[in-house]
Amino acid sequence: MKITDVRAVVVGNPWKNWVFVIVETDEGITGLGECTDYFSNPHLVRGIESIKPLVVGEDPANIEEIWQTIFHAYSDLNPRGYISHLISAIDIALWDIKGKVLGVPIYQLLGGPVRDHVPLYTHPGGGTLEEMVASAVEIKNQGFEATKTDPFSRQRSAGKGFRGADSVERLNARAIAEGVERMEALREALGPDYELMVDAHARFDVASAIAAANALEHVDLIWLEEPTHVENHEALRQIRENTNVPLCVGERHFTRWDYIPLLQQRLVDYIMPDVAWCGGISEQRRIAALAEPYFIRISPHDALGPVNIAAGFQVCMNTPNVYREECVSTWFPMFEKIITPMFDIRDGSIYPNDQPGLGIELIHDVVDEYLVDPNDLDKLTGRER
Ligand SMILES: [Mg+2]
């Protein structure tokens, strides 16, 4: 079997553009991958085009060889981040093809299941405190046993946020107090055993991160996520040494090499590699295995499209040290429109279906209605919907 074509398709929806990658073969079996990002979507679409010479003509069964070829072809650029996004999409699609050829789900090829379902967590919506609490209660009533939010509004913090010199954000006392109030309200409404996480979106200065973590200690979080920018592990260590709140990072760490210092230096309690960014199913499974002897659980970051969830699910089915898989449950109605079969979700968990490969297919007739022009930069980056 030979790979005959690789192409990206961008599916627009009211919230986000999803970048799916389709790998075609000369035997008519196609594989489905994903490398959705945010502002870098135009680069990813063009990147998929640019790696075609490394992929087309190869045997899709040789997943590891193709992974290594792309990774090392870009070693001078730093093959983590942008390149590992491209590798992820191809890797996921090749595992999908292998599963379809052999007629089994991917988790069977990874060594078989170690669980019969994968627990999820999702995020409450709403702007005001009351709306957020109502949304979280609804999520709990749907069967989810954990939820995550960012209670530190950019509007309430001292910096402007996310632009140039203001991108390291300082939380003033009022911003911290209001963030804590939101988490206390969730704890009160959801009960003492409900599992809560806070996402700081990698944006605080060290002093703010430490102050916020310590102010949240009594809320009893599962983790505080990405409290500061991730490029400097010494900053993370400083936060680590000054709070008892468990920490988690990973959506901005790519490939097994990025995880070595986090694990060896015991900088976090959980890791959250994204299967569509970290290097695909192959790499997410390797990262999980790397974390296992440190007794650290993975909790895949899955805030992208349905292929992201399907691929992370396959790894979680086979991985002993899993906490939960992330999802954005408000997107499920859109997933239901464009994939078949829809995920079997009951009581806040995904259950396996008996379909080979990833277990889902795109419904191309419907997908075609939502396609984004790959040359329309404003639409591709999500600046315009
Ligand atoms: Mg996050």
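Our next topic: the domain arrangement of the chain. Taken as a whole, the chain is organised into domain 1 (3-104 + 364-381) and domain 2 (109-357). In this structure, domain 1 and domain 2 have C-alpha centres spaced 25 Å apart. If you look at the interface, domain 1 gives 38 residues, while domain 2 gives 33 residues. Residue Arg-286 pairs with Glu-64 through a salt bridge whose shortest N-O separation is 2.9 Å. Put simply, domain 1 and domain 2 have 19 residue pairs in polar contact (both at pLDDT 80 or more) between them.

Right, let's talk about the nonpolar core for a bit. Of all hydrophobic cores here, the largest spans 112 residues; its most connected members are Phe-20, Ile-70, Ile-90, Ile-281 and Leu-358. With 10 residues, helix α4 (residues 82-102) is the single largest residue contributor to this core. Non-local contacts of Phe-20, meaning those with residues more than four positions away in its chain, are made with Arg-7, Ala-8, Val-9, Val-11, Leu-32, Gly-33, Glu-34, Pro-306, Val-307, Ile-338 and Leu-362. Counting nine residues, the second largest nonpolar core, distinct from the first, contains Tyr-121, Met-197, Ile-222 and Met-272.

Our next topic: unusual backbone geometry. Residues Thr-340 and Pro-341 are joined by a peptide bond in cis, for which omega reads -10°. As for its placement among the helices and strands, Pro-341 is situated in the loop between β12 (339-340) and β13 (344-346). A positive phi angle, close to 55°, is found at His-201, a residue other than glycine. Among the secondary structure elements, His-201 is positioned in the loop between β6 (195-199) and α8 (206-215). Positive phi, normally seen in glycine, also occurs at Phe-295, with a value near 60°.

Spatial strand order, β1-β2-β3: three strands in an open sheet with antiparallel pairing. Looking at which strands have only one partner, the edges of the open sheet turn out to be β1 (3-12) and β3 (30-34). The mean angle between the axes of side-by-side strands here comes to 20°, regardless of whether they run parallel or antiparallel. Of the strand pairs in this sheet, strand β2 (residues 17-25) and β3 are connected by five bridges, and their pairing is antiparallel. Bridge pairing in β3 places Glu-24 opposite Thr-30. Packing against the sheet, helix α12 (residues 306-318) makes contact with β2 and β3, and its axis sits at approximately 100° to β3.

Here is what the cut-offs are and how they apply
- Counting from 1, residues in each chain are numbered in the order their sequence is written.
- In keeping with the model being predicted, local features are shown solely for residues with a pLDDT of at least 70 and side-chain atom pairs are shown and tallied solely at 80 or more, while totals for entire chains, interfaces and linings include all residues.
- Heavy atoms from the whole structure form the basis of all side-chain values; hydrogens and water molecules are not counted.
- Residue ranges assigned to each domain were obtained from an automatic or database domain assignment.
- Two residues form a contact once any of their heavy atoms are found within 4.5 Å.
- A side-chain nitrogen of Lys or Arg and a carboxyl oxygen of Asp or Glu constitute a salt bridge if their distance falls within 4 Å.
- Polar contacts here mean pairs of N or O atoms no more than 3.5 Å apart (in protein, one a potential hydrogen donor and the other a potential acceptor; neighbouring residues in sequence count only if both atoms are side-chain atoms).
- Note on terminology: a nonpolar core comprises buried Ala, Val, Leu, Ile, Met, Phe, Trp, Tyr and Cys residues joined through side-chain atoms within 4.5 Å.
- Burial here depends on accessible area, computed with a 1.4 Å probe over protein chains only, as a share of the maximum for the residue type. Under 20% is buried, over 50% is exposed, and the range in between is partly exposed.
- Secondary structure elements follow DSSP: runs of H or I no shorter than four residues count as helices, runs of E no shorter than two count as strands, and numbering proceeds from the N terminus.
- A pair of strands is treated as paired once DSSP finds two or more bridges between them.
- Helix axes are fitted only over the stretch in contact, all axes being lines through C-alpha atoms; the angle between N-to-C directions runs from 0 to 180 degrees.

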